[in-house]
Amino acid sequence: MIKFLKSSIGSKQVIGLAGLGLAVFVFAHMAGNMLIFVSPEAYNKYGHALTSNPLIYFAEAGLVAIFLGHVILSLWLSWKNWKSRGSQAYTYKKPKKTKASLASRTMWAQGLVILVFIILHLLTFKFANDGYYVEYGGEKMRDLHRLMIEVFQQPLYVVGYTFCLLLLWGHLSHGVSSVFQSLGMTGERSAPAVKTIGWIYALVVCLGFISQPLYVYFFYSA
């Protein structure tokens, strides 16, 4: 297993599978958050149903493991490729290759910015000691809707959130299509279609997320 992970092909496949799992989670998270357009009660009950489920700790532990594996292996592979290019530059002149896209060349940088964003996002929403609670049918739960409304009415947060989601769009659009390439599931004919699917998927996810702060900031009224 260690030998497999140390190989470039093995690392790419594990990174891709982990990224695919994260992509599925991101879509589910976006879809759940769209309940903000329904009602405060629907949104709060959704959040409470997730956090009060005893299986949430196993799910979070698995998600953290997948995320750390994706990040660590990605950075290790980027460093390995950078080191390899540096050593090869003194031994021979590499043949010309098709220039990689900006998204593919900056995947590691995008990932680091997204990592910082996720940490700040968790501190703001999951671990915030806001003291906001609401009661429905005799059951007390966190008023996450109120917290989200307050946060998304801050212009700097809305701008930063939108910027990070645009980075996520680039990360997902390239990453999702690359997964199938790393697993050897795309050929010359299917590659354009897979790339388009990845682009559309990333667009749907990111527009869904971005619509929430824009709605709160520009249109929401209590």
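Check the entry above for the structure.
Residues numbered from 1 in each chain as written. Predicted model: local features only at pLDDT ≥ 70, side-chain atom pairs only at ≥ 80, totals over all residues. Heavy atoms only, no water.

S.K.: Which residues make up the pairing of strand β2 (residues 139–142), and what values go with them?
M.R.: Bridging between strand β1 (residues 133–136) and β2 involves four bridges; their strand directions are antiparallel. Within β2, the residue paired with V134 across the bridge is M141. (Pairing = 2+ DSSP bridges. Helix = DSSP H or I, 4+ residues; strand = E, 2+ residues; numbered from the N terminus.)

S.K.: Please set out the packing of aromatic side chains residue by residue, giving values where relevant.
M.R.: Each aromatic ring pair is summarised here by two numbers: the centre-to-centre distance and the angle between the ring planes. Here the structure, examined in full by the defined rule, presents 12 aromatic pairs. On the numbers, 4.8 Å between centres and 55 degrees between planes, the contact of F37 with Y215 is tilted. In this pair, F37 sits in the loop between α2 (8–33) and α3 (40–51) while Y215 sits in helix α9 (residues 191–218), placing the two residues 178 residues apart along the sequence. Since its relative accessible area comes to 34%, F37 is described here as partly exposed. Where F218 meets F219, the ring centres are 6.4 Å apart and the plane angle is 55 degrees; that geometry is what we call tilted. Looking at F218, the relative accessible area reads 55%, which means it is exposed. For F219, a relative accessible area of 63% puts it in the exposed group. Aromatic rings pair up to connect F117, F125, F152, Y157 and Y161 into one cluster. Taking NZ or CZ as reference, K140 lies 4.9 Å from the ring centre of Y133, over its face. One Lys or Arg, R146, reaches over the ring of Y132 and ends 3.8 Å from the middle of that ring. (Phe/Tyr/Trp six-rings, centres within 6.5 Å; stacked < 30°, edge-to-face > 60°. Buried < 20%, exposed > 50% of the residue type's maximum accessible area, 1.4 Å probe, protein only. Lys NZ or Arg CZ within 6 Å of the ring centre and 35° of its normal.)

S.K.: Talk me through α3; I want residue IDs and the actual numbers.
M.R.: Working note: α-helix, 3.6 residues per turn, so residues spaced by three or four point in the same direction. End to end, α3 covers 17 Å across 12 residues, agreeing with the expected 16 Å (1.5 Å per residue, within 8%). Residues Y43, N44, G47 and H48 constitute the buried set of α3. One face of α3 carries all of its buried residues, which in axial projection span an arc of 130 degrees. (Expected span 1.5 Å × (residues − 1). Arc of directions from axis to C-beta.)

S.K.: Can you break down the pattern of salt bridges residue by residue, with the values?
M.R.: A full pass over the atoms with the stated rule returns four salt bridges. The salt bridge involving E41 is made with K45; its shortest N-O contact spans 2.8 Å. A residue pair is termed a helical-turn pair when its members lie 3 or 4 positions apart in one helix, as E41 and K45 do in helix α3 at four residues. Judged by its relative accessible area of 40%, K45 falls in the partly exposed class. A salt bridge links R146 to E150; its shortest N-O distance comes to 3.7 Å. (Salt bridge = Lys/Arg side-chain N within 4 Å of Asp/Glu carboxyl O.)

These figures capture arrangement, not role.
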